Every structure is written in structure tokens, then in C-alpha cells.
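As a plain string of letters, each chain reads:
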Amino acid sequence: RNTVSVLDISVDNVTMEEAVERFKILLSEPRVHTIYTPNAEIMMAAHRDPELKKILTEADMLLPDGAGVVLASKIIGTPLKERVAGFDFTVECFKLSSKMNINYFFLGGKPGVAEEAAAKVKIDNPDIKIVGIRDGYFTSEEEPKIIESINSSKADVLLVGLGAPKQEKWIHKNKDKLNVKVCIGVGGTFDGLSG
Ligand code: UDP
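What comes next is a walk through the structure. (Residues numbered from 1 in each chain as written. Predicted model: local features only at pLDDT ≥ 70, side-chain atom pairs only at ≥ 80, totals over all residues. Heavy atoms only, no water.)

1. A word on a nonpolar patch on the surface
A cluster of nonpolar side chains, contributed by Leu71, Ile75 and Ile76, occupies part of the molecular surface with about 330 Å² of accessible area. You can see isoleucine 75 is positioned in helix H4 (residues 67-75). Judged by its relative accessible area of 65%, isoleucine 75 is exposed. (Patch = residues over 30% accessible without salt bridge, like charges linked within 9 Å, V, L, I, M, F, W, Y side chains within 5 Å. Areas by Shrake-Rupley, 256 points an atom, 1.4 Å probe, with all protein chains shown as cover. Salt bridge = Lys/Arg side-chain N within 4 Å of Asp/Glu carboxyl O. Helix = DSSP H or I, 4+ residues; strand = E, 2+ residues; numbered from the N terminus. Buried < 20%, exposed > 50% of the residue type's maximum accessible area, 1.4 Å probe, protein only.)

And the structure:
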């Protein structure tokens, strides 16, 4: 991996195209992978929160979502190639559905939002397989059932939009129980897609 260290966290130095290529590789490996797309605020939060820092450091791909992260990389003399926003990256991954068979599960957002997002995504990507949807407001008692429904859906990719750093911590806590290939922390992406 070609990475740049920003605030002592290795961020992948990739273009959007390279990020999508790596996503395809992660999909082909039979274990759970994590992708996060921190902005400068989350990088700063990780600087103060060792647990979050460890979670980001252990990611299989860390994409620079914010212009601030790219700017910081330039200031320290090791410029990142470009900003790869989580929203844009997710949209690019959906486009692979015309050529690849990928099952997506949407987890997060207010009730109804991810359903609306899924409907919009299907208009642009008629071949996409969205095999499950669940809003992001649940109790810890409900989590085992949610994990069971993700696993029984045969999802390959789990998009988790609970906001940062909640989604990163949720993915980290549950990844060993999940039967998916890639988990992506997508922030407010479902809101963006539904609007
Ligand atoms: N959210 C959720 N469950 C929660 C808290 C937040 O599903 O317990 C969702 C919220 O509905 C929104 C997203 O998480 O869709 C957070 O979006 P925001 O743009 O604030 O997150 P960021 O992209 O800044 O991480």
C-alpha cells in the first residue's frame, strides 16, 4: 500500500480509480475488510482518542474524505494524490454492478432514508443488488438480530451510515461476527443519496 502519514495515521495515497481497484481486490479475499473515509475532524478526534486511532490504523483502506486531510498532507511535504470523498467513492462502487455481482446491505440513517436512497441508486444502477436495508436507530439488544439479518442476506458489502466515529466503532466491534467481505463507513451518504 502506498500511504501518507497524517497525524500519525496512514492514509491511502490513491486516486478514485485506484481506490475502486483496491475495493475489487478486497472483495475477492475471503475475510472481512474495513474501509473508512475520515475527514480532518475525525483525524483530529483520533489524535485524542486512542481507540479510534487504532481502528483507523487497522483499516484495510483509509480514504482522505476532506480537503483538510489533503491540505495537511501537502503542508507536511508528502502530498496525497487527491481527495477521495466517501460519498463519491460509494457511488463509484455502485457503478461496478453493471459488470460484477455484488450484494449490498444499507445500514444507517433515519427510518425510511436508506430505502429512499436505495430507490434512487437503482435508477442509476439498474443491475444493483441491494439485499437488505435497516435504519440506524436501534438498541444494543437489537444488534444480534441486525447482524443475523446482514449475514442471512448474503451481503458482500455492508455500508454503515451511523456518522463518525459511531460507525467506525460499530464496525470494529462487530466485524468478527459479520459474514461480509467489505464494511464501509459512509457517514451521511444515505441522506445525500435520498435527497
Ligand atoms: N445516524 C444513525 N444512527 C445514529 C446516529 C446517526 O443512523 O445513532 C445517521 C444519521 O441519520 C445520518 C448519519 O448517521 O444519516 C450521520 O450523518 P452526518 O452527515 O452527521 O455524518 P458524517 O458524514 O459527518 O459522519
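2. A short note on the side chain of threonine 189
Note on placement: threonine 189 falls in helix H9 (residues 189-194). Residues in contact with threonine 189, not counting those within four places in the same chain, are Gly86, Phe87 and Thr90. (Contact = heavy atoms within 4.5 Å.)

3. What about the packing of helix H7 (residues 143-152) against helix H8 (residues 166-174)?
Axis separation between H7 and H8 bottoms out at 12 Å; the angle between their running directions is 75 degrees. On the basis of their axis angle, the class for H7 and H8 is roughly perpendicular. Every residue of H8 that contacts H7 at Glu143, Ile147 and Ile150 is listed here: Trp170, Lys173 and Asn174. (Axes fitted to C-alpha atoms, helices over the stretch in contact; angles between N-to-C directions. Parallel < 35°, antiparallel > 145°, perpendicular 65-115°, else oblique.)

4. Quick word on the packing of helix H1 (residues 16-28) against helix H5 (residues 86-95)
Across the interface, H1 lies against H5 with an axial gap of 10 Å and an inter-helix angle of 55 degrees. Accordingly, the angle class assigned to the pair H1 and H5 is oblique. Crossing of H1 against H5: the hand is right-handed. Between H1 and H5, the contacting residues are Met16, Ala19, Val20 and Phe23 on the first element and Asp88, Phe89, Glu92 and Cys93 on the second. (Left-handed = near helix turned anticlockwise from the far one by under 90°.)

5. Quick word on the site of the ligand
Lining the immediate environment of the ligand, one finds 13 residues, of which Gly109, Gly136, Tyr137, Lys166 and Asp191 sit closest. Take alanine 164: an N or O atom from its main chain is 3.0 Å from an oxygen atom of the ligand. Taking lysine 166, its side chain carries an N or O atom lying 2.6 Å from an oxygen atom of the ligand. For the ligand, whose accessible area on its own is 550 Å², the fraction buried by protein is 65%. A per-class count over the shell around the ligand returns 3 nonpolar, 7 polar and 3 charged. (Near = heavy atom within 4 Å. Polar contact = N/O pair within 3.5 Å; in protein donor to acceptor, adjacent residues only side chain to side chain. Nonpolar A, V, L, I, M, F, W, Y, C, P; charged D, E, K, R; others polar.)

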